[in-house]
Amino acid sequence: GEAASPGSPADLLADQFCNAIGVLQQCGPPASFSNIQTAINKDQPANPTEEYAQLFAALIARTAKDIDVLIDSLPSEESTAALQAASLYRLEEENHEAAARLEEVVYRGDMLLEKIQSALADIAQSQLKTRSGTHSQPVPDS
């Protein structure tokens, strides 16, 4: 296969199959069916062909697993337009509830701010009266 940038996992799987078959055609010695069982029973690969076979088997298995994961992540048939509409409606309701709570909090904040400003005005007024009151009386010498 070509060394192009990998596309979809399905393209990758096709490339891996092609490469595996090409390598096996190039390197694979002719085998008679009688010695297949002894080759399967060996623990260590005796030649590079078996190493290639194991490598491509692992690559192909991993790519197939990736494809399964992608398939599982696709939206199911139950994810219909009606369900999506219901979900959007529920989100809109939650949004309206949150907006109402926000309005209530802002309103209470404004009320509190008015009380604070009124209290500050009262404090300033009483400080002015106190100051003017002390200035009108003579300050005793110590």
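Residue positions are given per chain, counted from 1 along the sequence in the order it is written. Reporting in this predicted model follows two pLDDT cut-offs: at least 70 for local features of residues, and 80 or more for side-chain atom pairs to be given and counted; totals over whole chains, interfaces and linings ignore these cut-offs and use all residues. Note that water and hydrogens are dropped before the side-chain values are worked out from all heavy atoms of the structure.

With that settled, consider the overall build of the protein. Helix and strand counts for the protein stand at 4 helices and 0 strands. The classification of residues rests on relative accessible area computed with a 1.4 Å probe and restricted to protein chains. Under 20% of the type maximum is buried, over 50% is exposed, and intermediate values are partly exposed. Counting across all 142 residues of the protein, residues that qualify as buried make up 6%. Computed by Shrake-Rupley with a 1.4 Å probe, the accessible areas treat only the displayed protein chains as cover when residues are assessed. Only carbon and sulfur atoms are counted for the fraction: they give 60% of the accessible area of the protein, which is about 12300 Å². A run of DSSP states H or I qualifies as a helix once it reaches four residues; a run of E qualifies as a strand once it reaches two. Both are numbered from the N-terminal end.

Within this document, salt bridges are pairs made up of a side-chain nitrogen of Lys or Arg and a carboxyl oxygen of Asp or Glu, the two lying within 4 Å of each other. Taken as a whole and judged by the stated rule, the model has 1 salt bridge. Of the charged contacts in the structure, one is a salt bridge between Glu-104 and Arg-108, with a shortest N-O distance of 3.9 Å. Of this pair, Glu-104 and Arg-108 are both found in helix α4 (residues 81-136), 4 residues apart, which corresponds to roughly one turn of the helix.

It is worth spelling out the side chain of Thr-63 at this point. Tracing the chain through its elements places Thr-63 in helix α3 (residues 48-73). We call two residues in contact when some of their heavy atoms are within 4.5 Å. Once residues within four sequence positions are removed from consideration, Thr-63 is found in contact with Pro-9, Leu-12, Leu-13 and Gln-16.

This brings us to a nonpolar patch on the surface. Among the surface-exposed residues, Leu-112, Ile-116, Leu-120 and Ile-123 lie close enough to one another that they form a single nonpolar patch of about 380 Å² accessible area. Structurally, the position occupied by Ile-116 is in helix α4. In this structure Ile-116 comes out as partly exposed when scored by relative accessible area, which is 43%. For patches, a residue must show more than 30% relative accessible area and have no salt bridge; joins then use 9 Å for like charges and 5 Å for nonpolar side chains, namely Val, Leu, Ile, Met, Phe, Trp and Tyr.

Our focus in this paragraph is the side chain of Gln-16. Checked against the element boundaries, Gln-16 lands in helix α1 (residues 9-27). Since its relative accessible area comes to 9%, Gln-16 is described here as buried. Leaving out residues up to four positions away in the same chain, Gln-16 has contacts with Phe-56, Leu-59, Ile-60 and Thr-63.

On to the nonpolar core. In these notes, a set of buried Ala, Val, Leu, Ile, Met, Phe, Trp, Tyr and Cys residues joined through side-chain atoms within 4.5 Å is what counts as a nonpolar core. Listed in full, the 6 residues of the largest apolar core are Leu-13, Ala-20, Val-23, Phe-56, Ile-60 and Ile-67. At the level of elements, α1 and α3 are the ones that each hand at least two residues to this core. The contacts of Ile-67, once residues within four sequence positions are left out, are Pro-9, Ala-10 and Leu-13.

The pLDDT value tells you how sure the predictor is about a given residue, anywhere from 0 up to 100. In the predicted model, the protein carries a mean pLDDT of 79, and the fraction of residues at 70 or more is 73%. Highest mean pLDDT in the protein belongs to α4 (90); lowest belongs to helix α2 (residues 36-41) (57).

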